[in-house]
There are 4 protein chains.
Amino acid sequence: MIKVGIIGSTGYTGAELVRLLSRHPHAEIVGLTSRTYSGEPYWRVYPHLKGYTDLQCEELDLPRLVDRADVIFTALPHGHSVEVAREVLSRGKKLIDLGADFRFSAREVYESWYRVPHTAPELLERAVYGLSEINRDAIRGADLVANPGCYPTASVLGLAPLLAKGLIDTREIVIDAKSGVSGAGRGFSQKTHFSETNENFQAYGVAGHRHTPEIEEQLGRLAGREITVSFTPHLVPMVRGILATIYTRPTVLPEAEELYALYMDFYREESFVRLLPPGVLPQTKAVAGTNHCDLALVPDPRTGRIVILAAIDNLVKGASGQAVQNMNLIFDLDETTGLVFPGLYP
Amino acid sequence: MIKVGIIGSTGYTGAELVRLLSRHPHAEIVGLTSRTYSGEPYWRVYPHLKGYTDLQCEELDLPRLVDRADVIFTALPHGHSVEVAREVLSRGKKLIDLGADFRFSAREVYESWYRVPHTAPELLERAVYGLSEINRDAIRGADLVANPGCYPTASVLGLAPLLAKGLIDTREIVIDAKSGVSGAGRGFSQKTHFSETNENFQAYGVAGHRHTPEIEEQLGRLAGREITVSFTPHLVPMVRGILATIYTRPTVLPEAEELYALYMDFYREESFVRLLPPGVLPQTKAVAGTNHCDLALVPDPRTGRIVILAAIDNLVKGASGQAVQNMNLIFDLDETTGLVFPGLYP
Amino acid sequence: MIKVGIIGSTGYTGAELVRLLSRHPHAEIVGLTSRTYSGEPYWRVYPHLKGYTDLQCEELDLPRLVDRADVIFTALPHGHSVEVAREVLSRGKKLIDLGADFRFSAREVYESWYRVPHTAPELLERAVYGLSEINRDAIRGADLVANPGCYPTASVLGLAPLLAKGLIDTREIVIDAKSGVSGAGRGFSQKTHFSETNENFQAYGVAGHRHTPEIEEQLGRLAGREITVSFTPHLVPMVRGILATIYTRPTVLPEAEELYALYMDFYREESFVRLLPPGVLPQTKAVAGTNHCDLALVPDPRTGRIVILAAIDNLVKGASGQAVQNMNLIFDLDETTGLVFPGLYP
Amino acid sequence: MIKVGIIGSTGYTGAELVRLLSRHPHAEIVGLTSRTYSGEPYWRVYPHLKGYTDLQCEELDLPRLVDRADVIFTALPHGHSVEVAREVLSRGKKLIDLGADFRFSAREVYESWYRVPHTAPELLERAVYGLSEINRDAIRGADLVANPGCYPTASVLGLAPLLAKGLIDTREIVIDAKSGVSGAGRGFSQKTHFSETNENFQAYGVAGHRHTPEIEEQLGRLAGREITVSFTPHLVPMVRGILATIYTRPTVLPEAEELYALYMDFYREESFVRLLPPGVLPQTKAVAGTNHCDLALVPDPRTGRIVILAAIDNLVKGASGQAVQNMNLIFDLDETTGLVFPGLYP
C-alpha cells in the first residue's frame, strides 16, 4: 500500500483526494492536516465521507507526517508548498503539489504573476509538470510533480494535437473558458456567495488570470515556440465543471474527418480522453465526478477557424483525479487505478 | 456473473442501473431495451457512460431477453410491468420492478390510487416489498421484488424504529417531503422545464400523491395497525435528493440520548443507514450518488414532538441503488457489493 | 416627499428598500449608511442600481441623519436598533425596524431567544407589529414599527382566517417552511456558500429557530390564547422566496368551497394577498420581486387536516416591501403606493 | 392610449410584453392570442400576472384583432409573421415582429439559414431593424419593425463604437456568447429539461447558429464592409441573461482611457446602455428584468486585443423590452416610457 499524507486536506481538492483514495486499492491515507479543523473527525467537515474515513484532521507536524508517508499531496495556497517540498525531498519521499509553486520553469514568470518571491528556484528544474497524457514518461521518474491548474488541463489537452503537428497559426489562439464555482475553493467571498452567484454569469480576471502563463508555457513547449494567448475565465452558476471553447486558425483548414483522425491518433492510448464523434459536443455534466476530458472539434469553413471544445471536472481531471493519476505513474501502478468509473448524470 | 436485462433502460433509473452495474464485480448487463432509442449506442443517450458500456439500445423482445438474463429490472410506467412479470416468472427468472405494480398487497388500493385495473392480482402475494433494511429475509428468497418508491424509502426508514417499538401516536404523523427534479423522470413537462423550475419552489399532489398509500401500508405493517398520514411532496430546484421532514408525537417524549440509542440499535447492522449524532442534520448533498440514507432525530420538549429528518438520493437508495441491493440479496451476494462508495460533494 | 434614511443599507433588505423607494413617487432617500462601504457610490455595491441612485454610502452620523429624514429604516443585526429608536423618537421622527428588536411584547421572550438583554423595554409597548394586513389601524398611528420576520409573515397570513374564527385545534399546528438563501443575508457562511448550498437541501434550526416565538405570539393574538407550534425552516437552493406548508386540524373539516369563502372574505380588501382558486398551488416564482402573498388551501378528508400553502418573496413582503407598505400607512398614503407591479417570471 | 395586440402571447417573450405593458402608462393590451391556451385566463398560464391582467387568451382572428389595435406584436416561430404583416400593414397599423422574418435585407440569407422560403420578400425593404440605439431615426417612421435577436443585440451594442470608427481588423472578431435557458423558450426539449441542464454547461450550434448572419449583417452595416465572425452560443444553467465576450484586434491598441472615452461618447445619450468604468465587469444579474445593456472594455497589451463584455437580459433588452422601446419610438413617446426601473438583485 502506498502511504499518503495530505497537507491542506479540508479544501475541495483535499476532499476529492480523500474521496478518490478511499476507494483506491493500493493507497492508504495516513494523515490529513488542517489548520482550521484540527482535532475534528474528517467526516464532520465533509459529511459525505462518514463511514469512508475514520481519520481526524491533525495539525501539521511535517517531519512526522513525511516519515509515515510515501507520498505527500499539498493542497495549499501558492507559496506554501516550497518548504514542504524541501522537507519531503530531503527525506527521499515524493511530493505532488496541487498548487502553482512548481508549475513554471522560470521563477520570473511565477514571481511576476503570483507576486511573491520563489524561495526554492532550484526545485523548479527538478519538478515535472504533471499533465499525465503529455508528460507521462517524465512523471514516472519524478519525485516532485507540479499538478496542473484546472484551466490549463482543459486548454492544453484541447490544443495539443494541433500544436504538436504545427498546424495552426500560434498568434491566433483565443481560449474562452467557463468554470463552476467550486474552482474558487471553499473560501468565502462574494464570488462564492450563493445569492450573488446563482442566476448570474460573469467573466473575471480578464486579460490577467494566473493560469494564462501556465497555459502559454505548456502550449509553447508543444509548439516549440513562444505562444501568447487570450484567455478569459468565467464563473458558471454550477458547482463542478470546466468547458473551454478554443478558437484557432489553421494554416490550412482540414476536413472534419481528417481533423478527427488527427486527434484520434494522438489520444489513441488514452483512457481518460474521450474524443466525441463529429456532431456530438461535450457537456460538463458528462464528466462530473470523473477523471475524463471530453473533446470535440468543429472546423468552420466560413471563418477558416477550428473551434475546439474541452470539458473536464475541475476538481478531478483538473486537480485531484489527475494528482492520483500522477501518483499511479510515480509508483508504477496502472495509471487508471482507482479512477475508472462513470460520473453522475443527471 | 449475474446476467442482467433492463427494460425501459433510458429513463433516469435505467441510467443509474447501468452506472451502478457497470462497476459491479458480479453482474453483467446483457440487454438494454428502449422504445425511443432502439438501435442507438447507449452512450449516445447518456454521454457520461461513453467507455463504460458498448451496448446498443434494443427493441424489447421479451422471451429472448429473459432467456439471456438471470434477472430483469423493469423501469416502466405503472401498469407495464405486469406482463413482463408473468413471462419472467414463468421462465424461472427473477424480476425486480422499479415501478408501482407490485408494491401493494391489496389490488383495490393500487387500482384506486393508480386508476388502472391490475391484470395479475395473483402476483401481489408473491411479490416482496424491497425495502432491504426492513424485509431483508423475505427478499433473499424472492423471485419478484417490488422496489420501493423514493418517498416511501425515506419516510419508512425514518419512522421504522419508533413504529416498531410502538412509541408514537399513529394518528399524528405528518411527512413533509422535498425532492429534486430528477424524481419526475426524463419526460418533458412544465414541472421539469428549467425556466419554470429553477429559482422556484412549490408543493404538488397535496393530499393526493400516489406514494401516500404505499407509505401507509408499510408504516401499518411496522406498527401492526392501520395508519393514515399527511404526506406532502415538494419540488426543489436541484437534480437529485430527497429530504423528508417527519413530525411525530410520542406517547412519552424520550431524551435525545435515549432516542438516539433506539435508532442506533435498530440500524446497528446496516451499512447504508447513517445515523447522525445529535446536533448534526442530514443534507441531500452528503448522499448524492450513493445508496446511503442519512438520519437525524430532534426531540422537542416545547411541543412534545419528535422531528425526524431523512435524506436519500432519490435515484439511488430511492430507486436503482436499492434495486441493486435487492439483487445482491436475491443472489446471495454481500448486500453491499458494488454499492460502497462515497458521493459527490460539493 | 417623504424623506427616508436607511441605516445598514448594504445588506439585502437595504438594497431592496433602495430598489423599491427609487421608484416610489412620494419618497426620496436622503441617506444610506454602511459601515463596510462608507465612501463608495451605492451602485458599486449593488450594480443593478447604477443610474437609479447617485448616493454614496456614508458613515452613520445618527443625529444628522435623523434631522434630514422623516422616517428611518433600520436593517441591522438584532440589538443594534434600540439606540437608534430612542434617538429617532426623541426627535419626533418615525422608525421602521426590519430587525427583531421590537417584535415581542415581552422582553423575556426576546431575551431568552435572542440571548441579549433588551436595553429599552419601555419601547416594546410603543412598538406596533407591522404585519400590515392584520394591524393596519395601529400602524397608521405608529411612530415605531417592528417589521415582521419573513417566516412569520407567511405563516401568520396563512393561518389568520382560521385562527380568528377559532376553527382549528391550536395544539396541532405544524409549519414546515422553506426559504431561498437570500434570507441568510449577504454575510458569508457555509450555508450561503454556493458550492455547499447549490444542489443541496437541508433543514436548519430545527425546534429552535428564533422566528418561532414571533409566530407564536402573533398566532396567539389572533386566537386569543397561547399557542405553541412546531416550526421547521429549510434552505432551498434558490435566491428568493419562502413557501410555508402549514398543517392544521380543524374541529370540523369544512368543504373546500366553504374554506375558500372564509379566506376570500377575510382578505377581500387586500391588494397583496392573492387567494388562489381550488386546484391551483402557490409557487415562489410567481411572487418573486413583489409584495404579494399567494395562498392556497387544501382540506384533506382522509386525514381530517387542512393543508395551507403560503408563498412570499422573503426580501419583499417578508421584509422591505412590507416595510414600504408600513411607511405608506404611517404617512397616510395609499398603502400600495410604489408596490404595485408584477414579479419576474420565469 | 396605444392599443396593443399580442399574437403568440403565451411564450416567454409574450409574457414579458404583458408584464412590461401592464405598467406602461400609455399602452393598453386589447388582445392576447394563443393557440394552446385559448379560452383560459392569461394569469392561469402566468401566475405572476394574477391581478395584473384580466384578459383571456383568445384564438387568433386576425382582421378583428388588427381592427382593435394600433400596433401588433408577433412572438411566433419564424415563417409565421409574414402573413400577419401583410394584414397589419394593409390596414394601416404597425407591426413589431419579435421573430426573424424581417431581420435580413436579403431573402437569400434568410432562406439559406432558416431553410424556409420567404413569402413576402417585398416587405424586407420596408422593415426597419429595431436595434433602437443604432436605428432610432428609421424606427420612428417605421410601420414594420424587425425586433433584433437576443445575441445580436448584445453583440452589436458591444462592437458598434469600434466598428463605426473603423478601428479594428474586421477579420478578427470572435464572439463567445452565453445565455440563460429562457432563451430557448417555453417549449420542451432536452436542452430545457431541468435535470439535463442544471449543473451543466455546454455549447450548441457551434459554427451554425442562426443569429450569426444577423450579427454579420448589422456589423457589416456599421463597418461599411462585409464581415464574417466566429459566433459560439452556450447554455448557462440559469433562467435569464446573456453575456457576450467579444475578442477583437484593433489596428492600433488604444489606452484604456481612450477606449472608454470612445464608448462614452458613442453612448452618451443612451438611457439603457450603461458603460462600466475600468475595473468593473458586467454581470447578467445586474441587468435581470431590465432593458439595460451593461458594457465593459478590457484592452490587453500582451496580446494586442481588446476584450469587450456585454450583458443583457435576453427576454427584455434582447426581446420584449426592446420591442416596447421601439413601440415608444414609433408612437413618438419618450423612448424610455414604462422601461425605467432597476432589476432584481440578488
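Residues numbered from 1 in each chain as written. Chains lettered and ligands numbered in written order. Predicted model: local features only at pLDDT ≥ 70, side-chain atom pairs only at ≥ 80, totals over all residues. Heavy atoms only, no water.

**With respect to the overall build of chain A**
A tally of regular secondary structure across chain A gives twelve helices and 14 strands. The C-alpha radius of gyration of chain A comes to 20 Å, within 12% of the 20 Å expected for a compact globule of 346 residues. With the C-alpha coordinates aligned to their principal axes, the bounding extent of chain A is approximately 60 × 45 × 40 Å. For chain A, the residues scored as buried account for 68% of the 346 residues in total. Excluding contacts between residues fewer than 6 apart, the proportion of contacts in chain A whose partners are at least 24 apart in sequence is 70%. On chain A, roughly 11,000 Å² of surface is accessible, and the fraction owed to carbon and sulfur atoms is 48%. If you average the places of the 34 positive and of the 41 negative side-chain charges in chain A, the two averages end up 3 Å apart. (Helix = DSSP H or I, 4+ residues; strand = E, 2+ residues; numbered from the N terminus. Rg over C-alpha atoms; globule rule 2.2 N^0.38 Å. Buried < 20%, exposed > 50% of the residue type's maximum accessible area, 1.4 Å probe, protein only. Contact = heavy atoms within 4.5 Å. Areas by Shrake-Rupley, 256 points an atom, 1.4 Å probe, with all protein chains shown as cover. Lys, Arg positive; Asp, Glu negative; His and termini not counted. Charge placed at Lys NZ, Arg CZ, Asp CG, Glu CD.)

**Some words on helix α10 (residues 211-223) of chain D**
Residues and elements named next belong to chain D. Between its first and last C-alpha, α10 extends 18 Å over 13 residues, near the 18 Å set by a 1.5 Å rise per residue. α10 sits mainly inside the fold: eleven of its 13 residues count as buried. Buried within α10 we find His211, Thr212, Pro213, Glu214, Ile215, Glu216, Glu217, Gln218, Leu219, Gly220 and Leu222. The elements touched by buried residues of α10 are α5 (107-114), β6 (128-129), α7 (132-140), α8 (150-164), β8 (174-179) and β10 (230-235). (Expected span 1.5 Å × (residues − 1).)

**Points about the relation of the copies chain A and chain D**
Note on the identical chains: chain A maps onto chain D by a rotation of 180 degrees and an axial translation of 0.0 Å, with an RMSD of 0.0 Å. What we have between these two chains is a two-fold relation. Most of the interface of chain A is mirrored in chain D, where 100% of its interface residues again form contacts. (Least-squares fit on C-alpha atoms with pLDDT ≥ 70 in both.)

**As for the domain arrangement of chain A**
How big an interface is tends to be stated in terms of the accessible area lost upon association of its parts. All names here are of chain A. Here the domain parsing of chain A yields domain 1 (2-126) and domain 2 (151-313). Computed over C-alpha atoms, the centres of domain 1 and domain 2 are 27 Å apart. Ranking the residues of domain 1 by area buried against domain 2 places Tyr12, Arg103 and Trp113 at the top, with a combined share of 47%. In this assembly, domain 1 and domain 2 are joined by two salt bridges. For Arg103, the salt bridge goes to Glu214, with nearest N and O atoms at 3.2 Å. (Domains from an automatic or database assignment. Buried area = accessible area lost by both parts, 1.4 Å probe. Salt bridge = Lys/Arg side-chain N within 4 Å of Asp/Glu carboxyl O.)

**Quick word on the interface of chain A and chain D**
Counting residues at the interface gives 51 residues for chain A, matched by 51 residues for chain D. Buried surface at the junction of chain A and chain D, summed over both partners, amounts to about 4,000 Å²; 52% is from carbon and sulfur atoms. In terms of surface lost to chain D, no three residues of chain A exceed Glu199(A), Phe201(A) and Arg302(A), which account for 17% of the buried area on that side. The residue Arg305(A) makes a salt bridge to Glu172(D) at a minimum N-O spacing of 3.9 Å. Between chain A and chain D we count 34 residue pairs in polar contact (both at pLDDT 80 or more) in total. Those elements giving two or more residues to the side of chain A that touches chain D turn out to be β8 (174-180), α9 (194-197), β9 (202-203), α10 (211-223), β10 (230-236), β11 (242-248), β13 (293-300) and β14 (305-312) of chain A. Looking at side-chain class alone, the side of chain A that touches chain D contains 23 nonpolar, 15 polar and 13 charged residues. (Polar contact = N/O pair within 3.5 Å; in protein donor to acceptor, adjacent residues only side chain to side chain. Nonpolar A, V, L, I, M, F, W, Y, C, P; charged D, E, K, R; others polar.)

**Quick look at the interface of chain D and chain C**
Residue-level contacts link 38 residues of chain D with 38 residues of chain C. Both sides of the chain D and chain C interface together cover about 3,200 Å² of buried area, and 65% of this is carbon and sulfur. Where chain D meets chain C, there are zero salt bridges. In this structure, the connection of chain D to chain C is made through twelve residue pairs in polar contact (both at pLDDT 80 or more). Secondary structure elements with two or more residues in the side of chain D that touches chain C: α1 (12-21), α2 (42-45) and β12 (273-275) of chain D. Here the side of chain D that touches chain C takes three residues from α1(D), the largest share from any one element. Across the side of chain D that touches chain C, the residue classes break down as 20 nonpolar, eight polar and ten charged.

**Thoughts on the packing of helix α8 (residues 150-164) of chain C against helix α10 (residues 211-223) of chain C**
Residue and element names in this part refer to chain C. Axis separation between α8 and α10 bottoms out at 9 Å; the angle between their running directions is 20 degrees. Our classification of the angle between α8 and α10 gives roughly parallel. For the pair α8 and α10, the sense of crossing is right-handed. Between α8 and α10, the residues in contact are Cys150, Tyr151, Pro152, Ser155, Val156, Leu159, Ala160, Leu163 and Ala164 and His211, Glu214, Ile215, Gln218, Leu219, Leu222 and Ala223, respectively. Grouping the constituent residues of the contact of α8 with α10 by class yields twelve nonpolar, three polar and one charged. (Axes fitted to C-alpha atoms, helices over the stretch in contact; angles between N-to-C directions. Parallel < 35°, antiparallel > 145°, perpendicular 65-115°, else oblique. Left-handed = near helix turned anticlockwise from the far one by under 90°.)

**Let's talk about the sheet that holds strand β7 (residues 144-146) of chain B**
Residues and elements named next belong to chain B. Spatial strand order, β3-β2-β1-β4-β5-β7-β6: seven strands in an open sheet with parallel pairing. Lying at the two open borders of the sheet, with one neighbouring strand each, are β3 (57-58) and β6 (128-129). Where strand β1 (residues 2-7) meets strand β4 (residues 71-74), four bridges bridge the pair, whose relative direction is parallel. Considered in β4, the bridge of Val4 is made with Val71. (Pairing = 2+ DSSP bridges.)

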